Amino acid sequence: MMHEITFHGRGGQGAVTSAELLALAAIDEGKDARSFPSFGPERRGAPVRAFARVSDQPIRDRTAVRTPSVVLVLDPSLPGLVKVDDGLRADGLMIINSTKSIAELRKLFGFKSRLGVIDANKVAREVIGRVITNTTMLGALVAALPLVKPESIEKRLEERFGRLAAKNIAAFRRAQQECVVQDAV
Amino acid sequence: MAYQNARPKWTELAVGTAVTCPGSSRATKTGDWRSARPVWTNEHCVKCGVCVIFCPEGCIQFQADGYPTADLDYCKGCGICPHECPTGCIRMQDEVE
Amino acid sequence: MEKRIGIEASIAIAEAVGLCDADVVAAYPITPQTHIVEHLSEMVADGHLDAAFVPVESEHSAMSVCCGTSAAGARTFTATSSQGLALMHEILYIASALRLPIVMSVANRAISGPINIWNDHSDVMVERDVGWVQIFCENGQEAVDLTIWAFRLAEDPRVSLPIMVNFDGFIVSHMVEPLFMPDREMVKAFLPPFKPLQRLDIDNPISMGPVGIPDIFTEAKQVQQHLLTQAYQPIVETLGEFAKVFKRQYKPVETYRGDDADVLLLTMGAIGETAMTAVDQRRAKGDKVGLVRLRLWRPFPFEDLFRALGRIPVLGVIDRCISFGGPVGPVACEVKGALYGRKDHPLVVEFVAGLGGRDVTVTDFDKMFDALFEAKRSGKVPAPVLVGLRE
């Protein structure tokens, strides 16, 4: 089956990087994968999307993801501002970076799908020292859904982040522990 | 190959219609474009060489006596040399005269 | 040995140019070609590529520099898109007339206005008649492979013409995808050193680009027409040689599930991949649909197209561009022109889709197949369809 993942973030938070890291990890595992930004001008701070597709079969689709099976929300201020669950499949998964509880999020925004939550800002601030939540959110993702092996992501984190790799890997691991997931209601 | 006087078939053209023999400019005398020629009055010439430098054809040269003159095989009579001459010693003379 | 890696297509294309040991890269950055040029400039600055990187002030200058360096005997590469390609326009004719084997990546993008940085084919369709070899890629692997191949073809002494390697802006250029990256030894085995037919050389002076008087000009144009038409054979041969070394075979025209099809749809570029998914879905429902993917655009592969079409009764042609006030789609016009006077030629239904970055989805292809079946049933050709137009 093909997973289609939409990343919601703000320009500069690393949504594009996380989509790319996920695709590269999947490709390293011999799967087919794609990642791409939502094409166009890039503005720091503005809401942005990035996409990834991961599949055991050859992927033949280069269009923007419209019906994601997974949605990752990298910034706590985006739900309510952007319709983050737009097109999310009935059996899909959404993981949100938030200090709120799953119950609160469901009540506030009416989310029905399988839902994960993690305070990624806190994890990133404490472990990395900067509120860049992309690697943290990837940790939450692999904990909630075995899309790729954690080792595959870690290998890519080492390559990408050089001397900052250790901190990013630590945040990636801690997020796997702290992510809370609840089935669809 | 220079084509000015030839009528080659398309299969006979050089690669990219390049001119492959150097010296075609020398072989092609362009002085017949001229309707007027520069004439120097050497009494007023100070041999400064401004006409030599400004000639767009590069056809003005100093002679053995140090005065400049134009090679009429290539001079096109543009009139730049009298225009630039600081002493006014060059005038254009119509070819019909 | 080739390695399967995940990489952005633009970066992979730049790496491929490096594997080909380009001597000169002269380019001006323009979205969505930028990553190719950025990466090449890094490769040169970091000493990974022994080339002159010429940062010019416009695309007009980029192509002018390319003409000069190629004429001097340097293996020359550039890349552009959209308005940049348009700005090169007049120099493109010079490059082909002087038979300079420049390789150029074109990340296809719409021409403004309104201002649009996204993908379609309106930039390259304008350049149909500039005398270059022109080929279209469907994905990152093809873009890498055909860039390497392009140097071999362009520099083939039977050809010695410039070549545009087209791939869709963003949807190919910015895509991170898995591909097999050729290694240096394989490229070396495939691509001999550049031996120009002639070059600017102070010891053996020639003049390139002289005037062509009326008595010469017709003959000069016939040479270009002959060379580009005759380039077909070297193209097929060198693609075959490419397959021997790299084990990937590319043909001027490819088909997908076309053998027993009732209707065929012709695509160019990356939308062919989505179209294959649409074909599979229709086939699963029992509809005999198939694809023709036109890869080579110049020289136009007439015989390959006729073979691919067979005796198909209905053919849809997708254009990513409009010829305003004219025959609507430049590719459809070309295909119809090719079919003129042939016995049992198919009805040709024209579609224009994916303008200025609008996605062409499986659903869109589905509707196009519906229109083709309707044409087959009624025997009537509908007016050209702008796919997805809000009316």
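Nothing here was measured: the structure is a model prediction, and the numbers come from that model. (Residues numbered from 1 in each chain as written. Chains lettered and ligands numbered in written order. Predicted model: local features only at pLDDT ≥ 70, side-chain atom pairs only at ≥ 80, totals over all residues. Heavy atoms only, no water.)

Draft legend 1. Quick look at the overall build of chain C. Broken down by element type, chain C carries 13 helices and 15 strands. Within chain C, the proportion of its 391 residues that are buried is 60%. Counting contacts in chain C only where the partners sit at least 6 residues apart, residues at least 24 apart contribute 81% of the total. Put simply, chain C shows about 15,500 Å² of open surface, and 54% of that area lies on carbon and sulfur atoms. (Helix = DSSP H or I, 4+ residues; strand = E, 2+ residues; numbered from the N terminus. Buried < 20%, exposed > 50% of the residue type's maximum accessible area, 1.4 Å probe, protein only. Contact = heavy atoms within 4.5 Å. Areas by Shrake-Rupley, 256 points an atom, 1.4 Å probe, with all protein chains shown as cover.)

Draft legend 2. Molecular detail of the interface of chain C and chain A. If you look at the interface, chain C gives 27 residues, while chain A gives 21 residues. Of the roughly 1,900 Å² buried between chain C and chain A on both sides combined, carbon and sulfur atoms contribute 56%. Our enumeration of links across chain C and chain A arrives at four salt bridges. For the pair chain C and chain A, the number of links is 12 residue pairs in polar contact (both at pLDDT 80 or more). Listing elements by their share of the side of chain C that touches chain A, those giving two or more residues are strand S1 (3–8), strand S8 (176–181) and helix H10 (271–284) of chain C. If one sorts the elements of the side of chain C that touches chain A by residue count, H10(C) sits on top with five residues. Grouping the constituent residues of the side of chain C that touches chain A by class yields 14 nonpolar, seven polar and six charged. (Buried area = accessible area lost by both parts, 1.4 Å probe. Salt bridge = Lys/Arg side-chain N within 4 Å of Asp/Glu carboxyl O. Polar contact = N/O pair within 3.5 Å; in protein donor to acceptor, adjacent residues only side chain to side chain. Nonpolar A, V, L, I, M, F, W, Y, C, P; charged D, E, K, R; others polar.)

Draft legend 3. Looking closely at the pairing of strand S4 (residues 76–80) of chain C. Residues and elements named next belong to chain C. Across the five residues of S4, five count as buried, placing the element largely inside the fold. The side-chain alternation of S4 yields two buried faces, one formed by Thr 76, Thr 78 and Thr 80 and the other by Phe 77 and Ala 79. Across two bridges, the pairing between strand S2 (residues 24–27) and S4 is parallel. Note that in S4 the partner of Val 25 across the bridge is Phe 77. Here four bridges tie S4 to strand S5 (residues 103–108), and the two strands are oriented parallel to one another. The partner of Phe 77 across the bridge, within S5, is Val 103. (Pairing = 2+ DSSP bridges.)

Draft legend 4. Focus on the pattern of salt bridges. Following the criterion strictly, the structure yields 46 salt bridges over all chains and no others. Salt bridges sharing common partners tie together Glu4(A), Arg53(A), Asp61(A) and Arg89(A).

Draft legend 5. The sheet that holds strand S3 (residues 52–55) of chain C, seen in detail. Residues and elements named next belong to chain C. As summarised here, the arrangement of the seven strands in space is S3-S2-S4-S5-S7-S6-S12, forming an open sheet in which the pairing is mixed. Lying at the two open borders of the sheet, with one neighbouring strand each, are S3 and strand S12 (296–298). Going across the sheet, the axis of each strand differs from the next one's by a mean of 20°, ignoring polarity. Where helix H6 (residues 140–155) meets the sheet, its contacts fall on S4, S5, strand S6 (133–136) and strand S7 (163–168), and the angle it forms with S7 comes to roughly 170°. (Axes fitted to C-alpha atoms, helices over the stretch in contact; angles between N-to-C directions.)

Draft legend 6. Spotlight on the interface of chain B and chain C. Contacts between the two partners involve 13 residues from chain B and, on the opposite side, 17 residues from chain C. Interface of chain B and chain C: buried area, both sides summed, is about 1,400 Å²; carbon and sulfur atoms make up 69% of it. When the area that chain B buries against chain C is broken down by residue, the three leading residues are Trp10(B), Val15(B) and Val19(B), summing to 41%. There are one salt bridge connecting chain B and chain C. The salt bridge partner of Asp215(C) is Arg7(B), with a shortest N-O separation of 2.7 Å. Our count for the chain B to chain C interface comes out at three residue pairs in polar contact (both at pLDDT 80 or more). Its residues assigned to classes, the side of chain B that touches chain C comprises eight nonpolar, three polar and two charged.

Draft legend 7. Highlighting the packing of aromatic side chains. For the coordinates displayed, the defined rule picks out 11 aromatic pairs over all chains. Measuring from centroid to centroid gives 4.9 Å for Phe39(A) and Phe170(C), while their planes differ by 25°, and the two rings are stacked. Placement of the pair is Phe39(A) in the loop between strand S2 (32–37) and strand S3 (47–55) and Phe170(C) in the loop between S7 and S8, with the two residues belonging to separate chains. Where Trp297(C) meets Phe300(C), the ring centres are 6.1 Å apart and the plane angle is 75°; that geometry is what we call edge-to-face. Pair check on accessibility: Trp297(C) and Phe300(C) agree, each one buried. If you follow Lys47(B) out to its NZ or CZ, it ends over the ring of Tyr67(B), 4.5 Å from the centre. Looking at Arg342(C), its charged tip hangs above the ring of Phe306(C), at a distance of 3.6 Å from the centre. (Phe/Tyr/Trp six-rings, centres within 6.5 Å; stacked < 30°, edge-to-face > 60°. Lys NZ or Arg CZ within 6 Å of the ring centre and 35° of its normal.)

Draft legend 8. Up close: the sheet that holds strand S10 (residues 263–267) of chain C. All names here are of chain C. Here we have six strands laid out as an open sheet, ordered S9-S11-S10-S13-S14-S15, and mixed in their pairing. Taken across any chain shown, the strands that pair with only one partner, and hence form the sheet edges, are strand S9 (253–256) and strand S15 (385–386). Here S10 runs beside strand S11 (residues 289–294); their pairing, made up of five bridges, is parallel. Bridged to Leu 265 within S11 is Leu 291. Of the strands in this sheet, S9, S10, S11 and strand S13 (314–319) touch H10, which is tilted by about 165° from S11.

Draft legend 9. Representation of the packing of helix H1 (residues 15–28) of chain A against helix H5 (residues 150–161) of chain A within the structure. All names here are of chain A. H5 packs onto H1 with a crossing angle of 125° between their chain directions and a minimal axis gap of 9 Å. Considering their axes alone, H1 and H5 lie oblique with respect to each other. In terms of crossing hand, the pair formed by H1 and H5 is right-handed. Residues Thr 17, Glu 20, Leu 21, Leu 22, Leu 24, Ala 25 and Asp 28 of H1 touch H5, and the partners they reach there are Ser 152, Ile 153, Lys 155, Arg 156, Leu 157, Arg 160 and Phe 161. (Parallel < 35°, antiparallel > 145°, perpendicular 65-115°, else oblique. Left-handed = near helix turned anticlockwise from the far one by under 90°.)

Draft legend 10. Structural view of the packing of helix H1 (residues 9–19) of chain C against H6(C). All names here are of chain C. Two elements in contact, H1 and H6, have axes whose closest approach is 9 Å; the angle formed by their N-to-C orientations is 20°. Here H1 is positioned roughly parallel relative to H6, judged by the angle of their axes. The two elements H1 and H6 meet at a crossing, and its hand is right-handed. In contact with Ala 9, Ala 12, Ile 13, Ala 16 and Val 17 of H1, H6 contributes Gly 140, Ala 143, Val 144, Thr 147, Ile 148 and Phe 151. When grouped by side-chain class, the residues that make up the contact of H1 with H6 number nine nonpolar, two polar and no charged.

Draft legend 11. Spotlight on the nonpolar core. Residues and elements named next belong to chain C. If you look at the biggest cluster of nonpolar residues, it comprises 62 residues, and the most contacted ones within it are Leu 40, Phe 77, Trp 149 and Ile 163. In terms of residue count, the dominant contributor to this core is H6 (nine residues). Not counting the four nearest positions on each side in its chain, Phe 77 is found in contact with Val 17, Ala 22, Val 24, Val 25, Ala 26, Ile 36, Leu 40, Cys 66, Val 103, Ser 105, Thr 147 and Phe 151. In terms of nonpolar packing, the next biggest core, distinct from the first, is built from 49 residues, Val 56, Phe 300, Cys 321 and Leu 339 among them. (Core = buried A, V, L, I, M, F, W, Y, C linked by side-chain atoms within 4.5 Å.)

Draft legend 12. Structural view of unusual backbone geometry. All names here are of chain C. A cis amide bond links Ser 112 to the next residue, Gly 113, at an omega of 10°. Within the secondary structure, Gly 113 is located in the loop between S5 and helix H5 (122–125). Between Gly 113 and the following residue, Pro 114, the backbone shows a cis peptide bond with an omega angle of 0°. Positive phi is not limited to glycine here, since Asp 21 has a value of about 55°. With respect to the helices and strands, the residue Asp 21 is situated in the loop between H1 and S2. One non-glycine residue, Lys 247, adopts positive backbone phi at about 65°. Residue placement: Lys 247 occurs in the loop between helix H9 (232–246) and S9. Judged by its relative accessible area of 67%, Lys 247 falls in the exposed class.

Taken by themselves, the reported measurements are silent on function.
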